[in-house]
Amino acid sequence: MSSSLALVQSYPNHWEADVVLTDGGTAHLRPITPEDADLLREFHARLSPETIYYRFFAPYPRLSARDVKRFTTVDYEDRVALVATISDALVAVVRYDKVAPEEAEVAFVVEDAHQGRGLASVLLEHIGAAARERGVRRFIADVLPENRRMINVFREAGYTAQQTFDEGVIRLTLDIQPTDDSTEVMRAREQRAESRSIARLLFPGSVAVIGASRTAHTIGQTALRNLLDSEFQGPVYPVHPEARAVVGVRAYPSVLDIPDQVDLAVVAVRADMVVDVVEQCAEKGVHGLIVVSSGFGEIGPEGRARQDELVRTARAAGMRVVGPNCLGIANTDPAVSLNATLSPDLPRSGPIGFFSQSGALGRAILQRVAERGMGLSTFVSAGNRADVSGNDLMQYWQEDPSTEVVLQYLESLGNPRKFTRLARRLAKQKPVVAVRSGGSAQTTPTGHAAGGLALPDYAVTSLFQQAGVVRVDDITQMFDAAQVFAYQPLPKGPRVGVIGNSDSLELLVKDAAVRQGLKPHDPVNLGPQATAEDFDRALETALAADDVHSIVVVFVPALHPISDDVARVLRARSLDADKPIVATYLARQGVPEELRHVGERGETLRGSVPSYPAPEDAVRALAYATRYTQWRDRKPGRHPELPDIDGARARATITRALKNGSGDEVAWFGGERRYDEDTAISARDTRELLACYGITVYPDIPVASVEEAVVAAGELGYPAVVKADSPDLRVRSGGTFVRADLRTPDDVRSAFLSLQDRFGGDADLVVQRMVAPGVPTVVRAGDNQSFGSVVSFGLADVTAELLDDRSFRLAPLTDMDAADLIHAVRAAPLLFGLPAGATSLAEQPNVEALEELLIRISRLVEAFPEIGYVDLDPVLVNATGAHVLGARMWLREAPDVRPDAGPRRLRGVTF
């Protein structure tokens, strides 16, 4: 093997990445190699004299052979260089050279035509991450004072910086350890760039349909007809290799033959032809692709390889991809009127943004929206979600003034950490409603990115709620909730007023409200003879009452034909109301025409009254809105400062423990089991690692005989406990795997023999000093493939185990999250009362200590992705604290790239 080839292969794979630039385009980042010599010469030749002067502080019109070799041959340790490429052209270079063990000089140069696109900022993030891996803590940059753009790149990165001036040069020294400011800057840039990349797809100036067919009802012709029928505001170009026109519109043999700019291409050709089409689009300068063709990841490994090639080719040329195997995208903004989908049923414009992974379901969704009288701002069906995902759409909807409510149909989460982060931020401004898919044993559909929801179904719901996402059971409930969010104000509390002309339906409303956790008033029954004026007076009273936060109106056909009059009353009262009004109006579903305020273009306006076929549906929709408002209005909580955390010692302990582990299997939340990838570590390493985060485990001594048990009890002190060292026996043994309050050697002998007789060789026995009685609990934490780091809590009780009475929250926990985690279990009242036999409040369990323990364990698993699973069982909570009496831990090798950590990057494909 040549030395140059050895160098090429010596850098980590995760140093390669696709990134989104500030204008929405994409670029590919990778380490430089000796094979880049020609690309570097061509790049340098395109630089302006001013750019060269700023980089080299002198005229440097061409690079010598020695320069090229020096710049392209690096050791990826003390000398590292990254390049950015677009369409196989090198457009930017960043490099560092170590000048001290923890210090390196850094320098950039960006081609003039690509300056101002955010390349320098994203390259600084990636070279900084590479440098930290190589032990560098500080960058030094020498910059000419007139090079303001580069100075701002360093100053605005959020790192701690110092500046000096000497001999006409500014020297900037940056501490490149991530800070809250640098992370915030990176996230803000990510949001702007990804939002812009979606805007380029949704607001094209022109569209080409590649694969437009002369045959009716084919995918290509359907896509073309829908574009034309939607009255798209720009030119549409059919592409057909032979036809001169398709459906009366001039056609072109290829996208390269179109004489004008093409912003968006809808690709409807055979899967084996798609990559060639993408290459032509790259040459044409197309901004984005919608690939409706199937035959990719959904058909297996061969299709997955074709799908990866599609994404690589598109991103390398600066294009984002929706699909493949998707329904398409739509934008109802009248300035665009884009229907680039395979569905002719495009709803009117409205305040709802919709993302669907399923193409087949997407068409039914669009039809259902239209039937309900609702309106969409934008719609995206991502299909296999090879590139554009729901996360990208949340970045766009964050700032889109036309979108007030976000709906998502999710089958999997490609980057769950990023999903929860973005959902939390978006939900603080706009409701996010998601429909579950697959239930408690969800699997990922073939072709979609991995990440099925492997937690118990109730756990998934609670994790969504923690992130502010309103999770519903089905599509119908999603639209029921969306009707309230889109057209009514949010309720300010749980008190519900009930008005109607049917006492039986009013009682159904009241019962449903109680079941949903709302607080209904006694119904105002107007009777079957009620007039529109009666409804008007009752609504006026309820709207004026401070103790009414939302109103349900029940109207059934009356003896007199007053339906239209009642509808006018509801419409008028709702228009300026500051409380939501929902109705069961003649069993209608949606936003009926009679209850609708209509805009100039026929769109449904805010203040329209949603109607539901059954009272329970109306109440459930109100309950979703009420719980969302409570989440949004609550204090976010804080991440308290914790003493006694030693991250460096924890890292060293993990490194040592991974070498010494036994490789046992581990059970994870929801019944999923892991084997080879998780390594059980020793009790000693477990205790030491927990101690690094201020968690103390009570010592115990394994014993194999009566004599060893007596000696151990004497060593640890009385009163003692003898127990089976396997919490899994709790259920099997009916909870009788512990013998406690042993005060003499004879007590210890008797307890040991009793347990030995009960379990035989099925359990190892240990002796431990007894802790004062309290409430036994279980704390578990670790990595879940769908959500990242998760913490679980429950009582260490047979009944709790059998009923699966556990709660779950995402790590790291705030103080509010920790309190919620405890209160969420049904057995929580046991922690807030006095223990049996207690006589004073001083003996009440110390729940604050338990909350701190939960926060500490959440910090530990969030900080170290190597921790696959940790089980603290039992944790005894008494008046003196939360005492960890047993602990087990499993580790795994850390991933090269932790999702949603480190510098910005798009979801990966194989390079």
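Residues numbered from 1 in each chain as written. Predicted model: local features only at pLDDT ≥ 70, side-chain atom pairs only at ≥ 80, totals over all residues. Heavy atoms only, no water.

**Notes on the pattern of salt bridges**
Quick reminder of the rule: Whenever Lys or Arg places a side-chain nitrogen within 4 Å of a carboxyl oxygen from Asp or Glu, that contact is recorded as a salt bridge. We count a stretch as a helix when DSSP gives it H or I for four or more residues in a row; a strand needs E for two or more, and each element gets its number in order from the N terminus. Think of it in three bands: residues with accessible area under 20% of the maximum for their type are buried, residues over 50% are exposed, and the middle band is partly exposed, with areas taken using a 1.4 Å probe on protein chains only.
By the definition in use, this model includes 50 salt bridges. A salt bridge links glutamate 866 to arginine 651; the nearest nitrogen and oxygen atoms lie 2.5 Å apart. Here glutamate 866, found in the loop between helix 27 (847-863) and strand 38 (867-878), pairs with arginine 651, found in helix 20 (residues 647-660); they are 215 residues apart in sequence, far enough to count as distant. Relative accessible area serves as the criterion here: at 7%, glutamate 866 is assigned to the buried category. Classification of arginine 651 as partly exposed rests on a relative accessible area of 33%.

**Let's talk about the sheet that holds strand 32 (residues 720-724)**
The condition is simple: Note on pairing: DSSP must find at least two bridges between two strands before they are called paired. Inter-axis angles, ranging from 0 to 180 degrees, are taken between N-to-C directions of lines fitted to C-alpha atoms, where helices are fitted over the stretch in contact. Only heavy atoms enter the contact rule, under which two residues are in contact if any of them lie within 4.5 Å.
Taking strand neighbours across the sheet as the criterion, the four strands line up as 31-34-32-33 in an open arrangement whose pairing is antiparallel. Edge positions in the open sheet fall to strand 31 (700-703) and strand 33 (738-742), since each of these has one partner strand only. Strand after strand, the sheet turns through a mean of 20 degrees between neighbouring axes, direction not considered. Of the pairings in the sheet, the one linking strand 31 to strand 34 (residues 765-769) comprises four bridges and is antiparallel in character. Its bridge partner lying in strand 34, proline 702 is registered against valine 766. Relative to the sheet, helix 22 (residues 706-716) contacts strand 31, strand 32 and strand 34, its axis offset from that of strand 31 by approximately 170 degrees.

**Notes on the packing of aromatic side chains**
Applied cut-off: For this analysis, a ring pair means two rings from Phe, Tyr or Trp (six-membered ring only for Trp) whose centres lie within 6.5 Å, classed as stacked if their planes differ by under 30 degrees, edge-to-face if by over 60, and tilted for the remaining angles.
Applying the stated rule across the entire model yields 16 aromatic pairs. Ring geometry for phenylalanine 56 against tyrosine 60: centres 4.5 Å apart, planes inclined by 20 degrees, an arrangement best described as stacked. Ring centres 5.6 Å apart and planes at 65 degrees place the aromatic pair phenylalanine 108 and phenylalanine 154 in the edge-to-face group. On the criterion of sequence distance, the pair formed by phenylalanine 108 in strand 5 (residues 103-110) and phenylalanine 154 in helix 6 (residues 148-155) is long-range, its members being 46 residues apart. A single burial state applies to phenylalanine 108 and to phenylalanine 154, both of which are buried.

**Considerations on the packing of helix 7 (residues 180-202) against helix 13 (residues 416-427)**
Put simply, the test is: An angle below 35 degrees is treated as roughly parallel, one above 145 as roughly antiparallel, one from 65 to 115 as roughly perpendicular, and anything else as oblique.
Running from N to C, helix 7 and helix 13 point in directions that differ by 85 degrees, and their axes come no closer than 13 Å. On the basis of their axis angle, the class for helix 7 and helix 13 is roughly perpendicular. Residues Arg187, Glu190, Gln191 and Glu194 of helix 7 touch helix 13, and the partners they reach there are Lys418, Arg421 and Arg425.

**Let's talk about helix 24 (residues 745-759)**
Note the cut-off: Helix span, expected: 1.5 Å multiplied by one less than the number of residues in the helix. In this description, the arc belongs to the directions extending from the helix axis to the C-beta atoms.
Here helix 24 spans 21 Å end to end across 15 residues, near enough to the 21 Å set by a 1.5 Å rise per residue. Here helix 24 has its buried residues at Val748, Ala751, Phe752, Leu755 and Phe759. The buried residues of helix 24 occupy an angular sector of 100 degrees when the element is viewed end-on, so they sit on one face. Of the exposed residues in helix 24, those oriented more than 90 degrees away from the buried face are Asp746 and Asp757. Just beyond helix 24, the residue with positive phi is glycine 760, at close to 60 degrees.

**Describing the nonpolar core**
Cut-off, in case you're wondering: We define the nonpolar core as a collection of buried residues of types Ala, Val, Leu, Ile, Met, Phe, Trp, Tyr and Cys that are connected through side-chain atoms lying within 4.5 Å of one another.
In this structure, Ile290, Ile329, Leu338, Phe354, Leu407, Met478 and Phe479 are the most contacted members of the largest nonpolar core, which totals 101 residues. With residues near it in sequence (within four places) discarded, methionine 478 still touches Phe354, Leu407, Gln408, Val433, Val435 and Val472. In terms of nonpolar packing, the next biggest core, distinct from the first, is built from 56 residues, Ala27, Ala81, Leu90 and Val109 among them.

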